[in-house]
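Each chain, letter by letter, is given below.
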Amino acid sequence: MQKIYVKPKDCWMNDPNGFIYFKGLYHLFYQCFPYAPRWGRMHWGHVVSKDLVNWEEQGIALFPSKTDDRSGCFSGSAIEEDGKMQLYYTGVNYLTENPEDINLCVDEHFVSAQLMITSEDGIHFDNIKDKKTVIPVIHDADIGDARHTRDPKVWKDGDIWYMVLGSTINDKQGKLLFFTSTDGEEWKFENSVTRENFGWMWECPDYFKVEGHPVFAFSPQGIEAEEYRFANIYQSGYLADVRLPDTGQIRDIYKKFREWDLGFDFYAPQTFEAPDGRRILFGWAGVSDSPYDNEPSIREGWQYSMTVPRELSWKGDILCQKPVRELEALRKDEIVFEQGEAEIHGGAFDLVAERDIAGDIPVRICFNQEFQITYGHGVVSMEFLNNT
């Protein structure tokens with residue numbers, strides 16, 4: 001049983017997948033390479049929870065078993081239909097494997113297809129009999145890229161099913177592909193959208209509503225960093241009031257795109273609607289190809305984790321995030337201060353800041369003399385101390 005954070009015991013973890021509430025349980029799937037704390041042939045790990053705090057491991061849900069996913073089960077989404085859980089994901093097939101390590105591809109010589117699998121109980125998945133390719137490899141370059149087309153987000157509006165996929169144009173410009181279906185199995189390409197000067201690849205798309213307002217989220221790669229924007233190697237954020245599948249509303253993207261998290265380890269988030277109507281977000285506490293390593297956790301046999309689940313709500317035109325209220329039950333001692341400096345000692349903590357962000361009185365909070373959070377002149381920063 002894991003508490004608060006979902007992390008692998010002895011392997012690699014990346015994107016959250018298939019986040020859904022199904023038959024009384026919260027289900028969270030995630031990308032993993034179950035054999036070592038390194039990236040490799042992707043599987044889907046699986047945990048469940050009754051309260052978003054305590055998570056029980058369910059083992060491997062999806063593993064490579066078909067030609068279209070023989071080299072990995074990449075990211076995707078979940079939906080409930082007729083009392084069953086349906087998972088949609090990207091299958092990858094390496095056309096040229098590394099002869100010294102078959103979990104890696106040579107010169108990006110691979111192709112991608114979109115698959116689905118169904119489960120009666122959300123726990124058991126027949127990877128041999130129940131997988132179906134719903135969108136084969138796209139060989140028409142005018143539609144999408146044969147390699148980098150991935151991460152199906154599926155939803156229903158009335159009797160129509162919708163799917164959006166992330167893609168690229170010649171590894172130079174991000175692109176989204178839209179498909180429709182009447183049964184969730186046979187899909188028809190409808191249209192696409194792209195914008196210049198906003199990354200070479202758009203992946204991990206998500207579409208949902210918060211308090212009735214539509215949100216389109218995605219993770220662009222290849223945006224040049226600014227002082228306070230786009231500082232990570234890859235980004236993840238959202239556009240407000242975009243009603244898909246109307247792609248005409250995806251405009252002024254550079255100005256309107258808001259990053260979810262300006263921290264250095266956050267990527268590929270996914271959301272779902274809780275039974276009480278809250279929109280909950282999980283992110284991967286990591287970013288691929290970062291210029292730093294994770295040697296301390298690698299020595300322990302694992303790498304990366306999920307963020308804590310976050311509730312989304314609007315404050316004006318800003319989509320605010322906070323840890324889910326279920327975590328408040330874990331709080332114990334309370335320390336209150338209004339300004340100046342504070343030293344906090346101990347293990348896990350929950351920091352709640354309530355002040356006018358326009359204020360200019362600096363605040364510094366130091367934790368175990370290992371790292372500090374500083375606020376002043378409208379800027380919040382975090383700094384690790386003493387090479388920790």
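In case you missed it, the structure is sitting above this.
Residues numbered from 1 in each chain as written. Predicted model: local features only at pLDDT ≥ 70, side-chain atom pairs only at ≥ 80, totals over all residues. Heavy atoms only, no water.

A few words on the pattern of salt bridges. Inspection of the entire model under this criterion finds 21 salt bridges. Between Glu97 and Arg70 there is a salt bridge whose closest N-O contact spans 3.4 Å. On the criterion of sequence distance, the pair formed by Glu97 in strand E8 (residues 97–98) and Arg70 in the loop between strand E5 (54–62) and strand E6 (73–81) is long-range, its members being 27 residues apart. Residue Glu97 is classed as partly exposed on the basis of its relative accessible area of 25%. Assessed through its relative accessible area of 39%, Arg70 is described here as partly exposed. Two residues, Arg310 and Asp261, come together in a salt bridge whose shortest N-O distance is 3.0 Å. Of this pair, Arg310 sits in strand E22 (residues 310–315) while Asp261 sits in the loop between strand E19 (258–259) and strand E20 (267–273), placing them 49 residues apart in sequence. Arg310 sits in the buried class, given a relative accessible area of 14%. Several salt bridges converge on common partners, so that one network encompasses Asp276, Arg278, Glu311, Arg325 and Glu326. (Salt bridge = Lys/Arg side-chain N within 4 Å of Asp/Glu carboxyl O. Helix = DSSP H or I, 4+ residues; strand = E, 2+ residues; numbered from the N terminus. Buried < 20%, exposed > 50% of the residue type's maximum accessible area, 1.4 Å probe, protein only.)

Looking now at the sheet that holds strand E4 (residues 43–49). Overall, antiparallel pairing links the five strands, which are arranged E1-E5-E4-E3-E2 in an open sheet. Strands at the two margins of the open sheet, each flanked by one partner only, are strand E1 (2–3) and strand E2 (12–22). With five bridges connecting them, E4 and E5 associate as antiparallel partners. Looking across to E5, one finds that Val47 is bridged to Glu57. (Pairing = 2+ DSSP bridges.)

On the surface, Phe264, Tyr292, Met382 and Phe384 cluster together to form a nonpolar patch covering roughly 390 Å² of accessible area. Along the polypeptide, Phe264 turns up in the loop between E19 and E20. (Patch = residues over 30% accessible without salt bridge, like charges linked within 9 Å, V, L, I, M, F, W, Y side chains within 5 Å. Areas by Shrake-Rupley, 256 points an atom, 1.4 Å probe, with all protein chains shown as cover.)

Counted according to the given criterion, the structure contains 33 aromatic pairs. Ring plane angle 75° and centroid distance 5.7 Å describe the contact between Trp55 and Phe282, whose orientation is recorded as edge-to-face. Within this pair, whereas Trp55 is found in strand E5, its partner Phe282 is found in strand E21 (residues 279–284), the two being separated by 227 residues in sequence. The burial state of Trp55 is the same as that of Phe282; both residues are buried. Pairing Tyr238 with Trp260 gives two aromatic rings, centres 4.7 Å apart and planes at 40°, and the pair type is tilted. Note that Tyr238 is positioned in strand E18 (residues 237–240) and Trp260 in the loop between E19 and E20, a separation of 22 residues in sequence. Here Tyr238 matches Trp260 in class, with each residue buried. (Phe/Tyr/Trp six-rings, centres within 6.5 Å; stacked < 30°, edge-to-face > 60°.)

For Val336, the position within the fold is in the loop between strand E23 (318–323) and strand E24 (340–344). Expressed as a C-alpha distance, the spacing of Val336 and Gln86, which sit 250 residues apart in the sequence, is 47 Å.

Before going further, it helps to spend a moment on the sheet that holds E21. The strand order across the open sheet formed by four strands is E20-E21-E22-E23, and the pairing between neighbours is antiparallel. With partners counted over all chains shown, the strands left at the sheet margins are E20 and E23, one partner each. Averaged over neighbouring strand pairs, the angle between their axes works out to 40° when direction is ignored. Here E20 runs beside E21; their pairing, made up of five bridges, is antiparallel. When the bridges of E21 are listed, Tyr267 appears paired with Trp284. (Axes fitted to C-alpha atoms, helices over the stretch in contact; angles between N-to-C directions.)

Time to look at the nonpolar core. Judged by nonpolar contacts, the single largest core of 35 residues is most densely connected at Val6, Phe19, Leu28, Trp55 and Met306. Of all the secondary-structure elements, those providing two or more residues to this core are E2, strand E3 (25–33), strand E7 (84–94), E20 and E21. A per-element tally of this core places E3 first, with five residues. Discounting residues that sit within four places of it in the chain, Met306 has contacts with Tyr5, Val6, Met13, Asn14, Asp15, Pro16, Leu28, Tyr30, Phe282, Gly283, Trp284 and Ala285. If you look at the next biggest cluster of nonpolar residues, it comprises 19 residues, including Trp155, Ile223, Val242 and Ile253. (Core = buried A, V, L, I, M, F, W, Y, C linked by side-chain atoms within 4.5 Å. Contact = heavy atoms within 4.5 Å.)

Within this structure, the stated rule accounts for zero disulfides. Summary of cysteine pairing: Cys73 is not part of a disulfide, and the nearest cysteine sulfur, belonging to Cys32, is at 9.7 Å. (Disulfide = S-S within 2.5 Å.)

In terms of strand pairing, E21 meets E22 through three bridges, oriented antiparallel. The residue bridging Leu281 from the neighbouring strand is Arg310, located in E22. Across six bridges, E22 lies against E23 in antiparallel orientation. When the sheet's bridge partners are listed, Arg310 is paired in E23 with Pro323. The antiparallel hairpin formed by E22 and E23 contains two residues in its connecting segment, where Gly316 sits at a positive phi of about 70°.

Turning next to the side chain of Glu203. Looking at the secondary structure, you find Glu203 in strand E16 (residues 201–210). Overall, Glu203 belongs to the buried group, its relative accessible area being 7%. For Glu203, the side chain forms a polar contact with the side chain of Arg150, separated by 2.8 Å. Once residues within four sequence positions are removed from consideration, Glu203 is found in contact with Arg150, Asp151, Gly166, Phe218, Ser219, Gln221 and Tyr267. (Polar contact = N/O pair within 3.5 Å; in protein donor to acceptor, adjacent residues only side chain to side chain.)

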